[in-house]
Amino acid sequence: MTNKTNKAYSYVRFSSPEQAKGDSYRRQRDAAVKYCVDHGLELATAREYTFLDKGKSAYSGRHLDDEGQLKRFLDLVENGTIEHGSYLLVESLDRLSREKVNTALPRFMDLLNRGIRVVTLADERLYTDEFNELDLIISIVHMSRAHNESSIKGDRVSAAWTNKKALARSEKKPLGKACPYWLTLINDEYMPIPERVETVKLIFDLAIQGYGQGVIPRLLNERGIPVFGSRNRNHSGAWGTSSVSKLLGNRALLGEYQPTHIVGGKRVNDGEPVAGFFPVVIEESVFYQAQAVRAERRIHKTGKQSERFNVFQGIIKCGTCGDAMHLVNKGRPPKGATYLQCHSARKGVCTNGYLRVERAERVLREVLAKVDSLSLVQASEGQTMKELATVDGKMQTVNERLATAVTLMTEAPSSALAVLVQNLESEQATLGEEQQRLRELLAVNQVVSKKDFFAQLDIVSFEGRHAANRLLKRLGILIFTSVTSGKMPMQMHSVSAEGIAQFQIFHFESSMMMFAAQKKIVDLRVLQGEISVEQRDAAIRLIELRNDPSLIDSKDLVNRLKEMDLSKVKFRFNGTLPKSITRAKQQ
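Here the residue numbers are simple positions, counted from 1 along each chain's written sequence. Reporting of local features is limited, given that this is a predicted model, to residues whose pLDDT is at least 70; pairs of side-chain atoms are given and counted only at 80 or more, and all residues count toward the totals for whole chains, interfaces and linings. Neither water nor hydrogens contribute to the side-chain values; these are computed over all heavy atoms in the structure.

Q: What's the story with the overall build of the protein in this structure? I'm lost.
A: Counting secondary structure elements, the protein contains 19 helices and 19 strands. When accessible area is computed with a 1.4 Å probe and restricted to protein chains, residues below 20% of their type maximum are described as buried, those above 50% as exposed, and intermediate ones as partly exposed. A burial count over the protein gives 43% of its 587 residues as buried. Working definition of accessibility: Shrake-Rupley area with a 1.4 Å probe, residue cover restricted to the visible protein chains. Accessible area of the protein: about 31700 Å², with a carbon and sulfur share of 51%. Put simply, DSSP H or I for four residues or longer makes a helix, DSSP E for two residues or longer makes a strand, and each gets a number counted from the N terminus.

This is the structure we're talking about:
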């Protein structure tokens, strides 16, 4: 027989958000307080002795898993923190378990055998370790009734939803008031909520402009834009990363309804989505452009954003060790300056020097003038870029769906999955052809007039810098930069596209010098008026010499260069070359 104490603990559980919105918690808590007053018990109120399972179903036994509060209560009993003879107050036995009797009864008995006195507040029945056969029979009847009721209720709800999903597919009949936050049900028809649709469009515009899902919520909150959903679901009443992320990936915006069901305790898709079920509130092109930008951010691991987008993010690398180069501030405003520095150099394991951001941006302008970048300044090419981003976003979705379908085929092959895989592979091939067509269309958009191009080029605004960064990433452009100091300080920038060398830029104090590694770059320099046709021949000869396998070492290359009239190859622009370079070329 266990010694009795006057300490009582309340266990409260409700299994659904609807119960949380209602009176369930207050009712169960008030009943516990009243019982303690009536029977001279002390109710534990400290937070560590409050046992509340919100949204955990006793029918599935989730309250007894490793994270359940009832499990925590049992652990405290086991280690002696809660003394034997203490009271556990529950509204009814079905709050402890609605599982089958052969599963629920041993757990109930375990509480009693550990000296815990269980009180059901609904009928004020006390169960102790001195139970008799009648107590046991009553508890079994309660548990059996609770399980059967839950089972019947679950079957009914499941059958009702199965019927609703069938009607949604066959007749596109609304599911009821449960619908996306930007819609409402009026006369059995889903209708957009205008102010919320405007918010949705703003979120997609910001995402396409390059703002991440961490920055967008802050902008929405600063503008005082109301968050979707009720206070019960969003206690802060503010936009957060999760809400924006879910919204950006929600295909219900395109009118799709994706039926789901529970498999192994997890919610999974139930068949293909139903197209045209909800009103379309976002254009397909806008939706997929946002997906393409989000995919790029994941691939290139774009991190925390500042008010002025880091246009060099993922583009510029250390020419000494190959590590990334990051923005660093030296000194305090207004005299302080911003530099690019090798990440390894910051740790003292690389010797590469600092590069002023202003100088790096001058080089970036020249790089943009040598790649297919007219889309940054011309509306027609900009439309092609948007079309390509849309196709890229569709391809991302198809690739993900195909990977999932192939995995399911491996686990449980079926004819329906085989057809789905075949259809997705066909769609993947079609999208691939469209990607190639649009890329070829953009590839002919060469900059002819650098003056006009630079006059229109925007690498100042957040949106302009993000657009330039996206373009260079899409083209696979990398800039490897080495910085030297001494009597003749210089920065050397080696530019490659998809791993193939394109050209080098040597940046001195007030001038630049370029050496092409591809004939198309030489031809573009002629087109842009940087070099003459005569200089073109010398520049192409220089490329051939540098690629000549018969040249054993650098001395051979130098001797061959001396045979050429280098005065014809003055790759200079943005000023004159330093005298030291001119003398070196004349030797």
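Still more ground to cover, so stick around.
Q: What exactly am I supposed to notice about helix α16 (residues 519-527) here?
A: Listing the buried residues of α16 in full gives Ile 521, Val 522, Leu 524 and Arg 525. With its buried residues spanning 160 degrees around the axis, α16 presents them on a single face. Positioned one or two residues after α16, Gly 529 has a phi angle of 80 degrees, which is positive. Within this analysis, the arc is defined by the directions that extend from the helix axis to the C-beta atoms.

Q: Explain the nonpolar core to me, please; I cannot follow it from the model alone.
A: Across soluble globular proteins, nonpolar side chains have a tendency to be buried as a group. Core analysis: the biggest nonpolar cluster contains 47 residues, and Val 367, Leu 368, Phe 453 and Ile 477 have the highest contact counts within it. Of all the elements, helix α11 (residues 357-370) adds the most residues to this core, at 7 residues. By the convention used here, residues are in contact when the closest approach between their heavy atoms is within 4.5 Å. Residue contacts for Leu 368: discarding those within four places in its chain leaves Ser 373, Leu 376, Val 447, Phe 453, Leu 457, Ile 459, Ala 468, Leu 471 and Leu 472. Definition of nonpolar core: a set of buried residues of the types Ala, Val, Leu, Ile, Met, Phe, Trp, Tyr and Cys, connected through side-chain atoms within 4.5 Å. Within the second largest apolar cluster, 39 residues are counted, among which are Tyr 211, Val 244, Leu 254 and Val 274.

Q: Help me understand the sheet that holds strand β12 (residues 325-330) in this model?
A: Pairing between sheet strands relies on hydrogen bonds along the backbone, with the strands arranged either parallel or antiparallel. Think of it this way: DSSP has to see at least two bridges between two strands before they count as a pair. Read from one edge of the open sheet, 3 strands run β12-β13-β14, paired in antiparallel fashion. The sheet is open, and its two borders are formed by β12 and β14 (355-356), each paired with just one other strand.

Q: Is there a simple way to explain the environment of Glu 530 in this structure?
A: Within the element layout of this structure, Glu 530 appears in the loop between α16 and α17 (533-546). Of the polar contacts made by the side chain of Glu 530, one reaches the side chain of Arg 525; its length is 2.6 Å. As used in this structure description, the phrase polar contact means that two N or O atoms lie within 3.5 Å; if the pair is within protein, one of them must be able to donate a hydrogen and the other to accept it, and residues adjacent in sequence are counted only when both atoms belong to side chains.

Q: Just checking my understanding: could you explain helix α8 (residues 241-248) for this structure?
A: Note on helix geometry: an α-helix contains 3.6 residues per turn, so any two residues three or four positions apart are oriented the same way. The set of residues buried in α8 consists of Val 244, Leu 247 and Leu 248. The buried residues of α8 occupy an angular sector of 95 degrees when projected down its axis, which confines them to one face.

Q: Explain the packing of α16 against α17 here, please?
A: Packed helix pairs are characterised by how far apart their axes lie and by the angle those axes make with each other. As a packed pair, α16 and α17 sit with axes 10 Å apart at the nearest point and diverge in direction by 165 degrees. Taken as axis vectors, α16 and α17 run roughly antiparallel relative to one another. Here α16 runs over α17; the crossing is right-handed. Contacts between α16 and α17 pair Lys 519, Val 522, Asp 523 and Val 526 from the former with Val 533, Arg 536, Ala 539, Ile 540, Ile 543 and Glu 544 from the latter. Of the residues that constitute the contact of α16 with α17, the class distribution is 6 nonpolar, no polar and 4 charged. Working convention: axes come from line fits to C-alpha atoms, limited for helices to the stretch in contact. Angles between N-to-C directions cover 0 to 180 degrees. In these notes the angle categories are as follows: under 35 degrees is roughly parallel, over 145 is roughly antiparallel, 65 to 115 is roughly perpendicular, and the rest is oblique. Here a crossing is called left-handed whenever its near helix is offset anticlockwise from the far helix by less than a right angle, and right-handed whenever the offset is clockwise. Only Asp, Glu, Lys and Arg are considered charged in this grouping, and only Ala, Val, Leu, Ile, Met, Phe, Trp, Tyr, Cys and Pro are considered nonpolar; every other residue, Gly among them, is considered polar.

Q: What is the right way to read the pattern of salt bridges from this model?
A: By definition here, a salt bridge exists when the distance from a side-chain nitrogen of Lys or Arg to a carboxyl oxygen of Asp or Glu is within 4 Å. On inspection of all chains with the given rule, the structure shows 18 salt bridges. Here Glu 284 makes a salt bridge to Lys 394, at a shortest N to O gap of 3.2 Å. Here Glu 284 is found in helix α9 (residues 284-299), whereas its partner Lys 394 is found in helix α12 (residues 379-411), with 110 residues between them in sequence. With a relative accessible area of 43%, Glu 284 lands in the partly exposed category. Ionic pairing is found between Lys 450 and Glu 366, a salt bridge with its closest N-O pair at 2.8 Å. Here Lys 450 is found in helix α14 (residues 450-456), whereas its partner Glu 366 is found in helix α11, with 84 residues between them in sequence. Note on Glu 366: relative accessible area 2%, which makes it buried. One connected set of salt bridges, linked through shared partners, spans Glu 366, Lys 370, Lys 450, Arg 525 and Glu 530.

Q: It is not clear to me how unusual backbone geometry should be interpreted in this structure. Could you clarify?
A: In most cases, non-glycine residues show a negative phi, while peptide bonds are predominantly trans. Despite not being glycine, Lys 172 shows a phi value in the positive range, around 55 degrees. In this structure, Lys 172 sits in the loop between α5 (133-171) and β7 (183-186). One non-glycine residue with positive phi stands out, namely Asp 188, at about 60 degrees.

Q: Whenever I open this one, empty space enclosed by the protein confuses me. Can you help?
A: Take a probe with the size of a water molecule and roll it over the atoms, and the empty space left behind shows itself. Think of a 1 Å grid over the protein atoms and nothing else: a 1.4 Å probe that fits but is trapped marks a cavity, an open set flanked by protein within 12 Å on at least five of seven lines marks a pocket, and residues with an atom within 4 Å of a point count as lining. Grid points are joined across faces, edges and corners, and a volume is the space filled by probe spheres set on the points. A complete count under the given rule lists 3 cavities of 30 Å³ or more for this structure. Here the second largest cavity is characterised by a volume of approximately 50 Å³. If you go around the second largest cavity, the residues you meet are Glu 296, Met 385, Leu 388, Ala 389, Asp 392, Arg 470, Leu 471 and Arg 474. For the lining of the second largest cavity, the secondary structure elements donating two or more residues are α12 and α15 (462-474). Here the lining of the second largest cavity takes 4 residues from α12, the largest share from any one element. Broken down by class, the residue content of the lining of the second largest cavity amounts to 4 nonpolar, no polar and 4 charged.

Q: How should the pairing of strand β13 (residues 337-342) be read in this particular structure?
A: In regular strands, side chains alternate between the two faces of the sheet. Among the 6 residues that make up β13, 5 are buried, leaving the element largely enclosed by the rest of the structure. Relative to β13, β12 runs antiparallel, the two being bridged by 6 bridges. Residue pairing for β13: Leu 327 is matched across the bridge by Leu 340. With 2 bridges joining them, β13 and β14 adopt antiparallel strand pairing.

Q: I tried to follow the side chain of Ser 86 on my own but got confused; where do I start?
A: Looking at the element boundaries, Ser 86 is found in the loop between α3 (69-78) and β4 (87-90). Note on Ser 86: relative accessible area 1%, which makes it buried. A distance of 2.7 Å separates a polar side-chain atom of Ser 86 from the backbone oxygen of Glu 83. When residues no more than four places from it in sequence are discounted, the contact partners of Ser 86 are Thr 5, Lys 7, Tyr 9, Gly 115, Ile 116 and Arg 117.

Q: Explanation requested: the packing of aromatic side chains in the structure shown.
A: Two measures describe an aromatic ring pair: the distance that separates the ring centres and the angle between the ring planes. Any two of the Phe, Tyr and Trp rings considered here, Trp counted by its six-membered ring, make a pair once their centres fall within 6.5 Å; the pair's planes then place it as stacked at under 30 degrees, edge-to-face at over 60, or tilted in between. In total, this model carries 16 aromatic pairs according to the counting rule given. Between Tyr 9 and Phe 73 the ring centres are 6.0 Å apart and the planes differ by 65 degrees, which places this aromatic pair in the edge-to-face class. Residue Tyr 9 is found in strand β1 (residues 7-14), and its partner Phe 73 is found in helix α3; the two are separated by 64 residues along the sequence. Considered together, Tyr 9 and Phe 73 belong to a single accessibility category, that of buried residues. Both rings, one in Phe 287 and one in Tyr 288, keep their centres 5.5 Å apart while their planes meet at 90 degrees; by these two values the pair is edge-to-face. By way of ring pairs, the aromatic residues Tyr 9, Tyr 49, Phe 51 and Phe 73 are connected into one cluster. In our convention, an over-ring charge means Lys NZ or Arg CZ found within 6 Å of a ring centre and within 35 degrees of that ring's normal. If you follow Arg 356 out to its NZ or CZ, it ends over the ring of Tyr 339, 5.6 Å from the centre. The ring of Phe 454 carries Arg 365 above its face, with NZ or CZ at 4.2 Å from the centroid.

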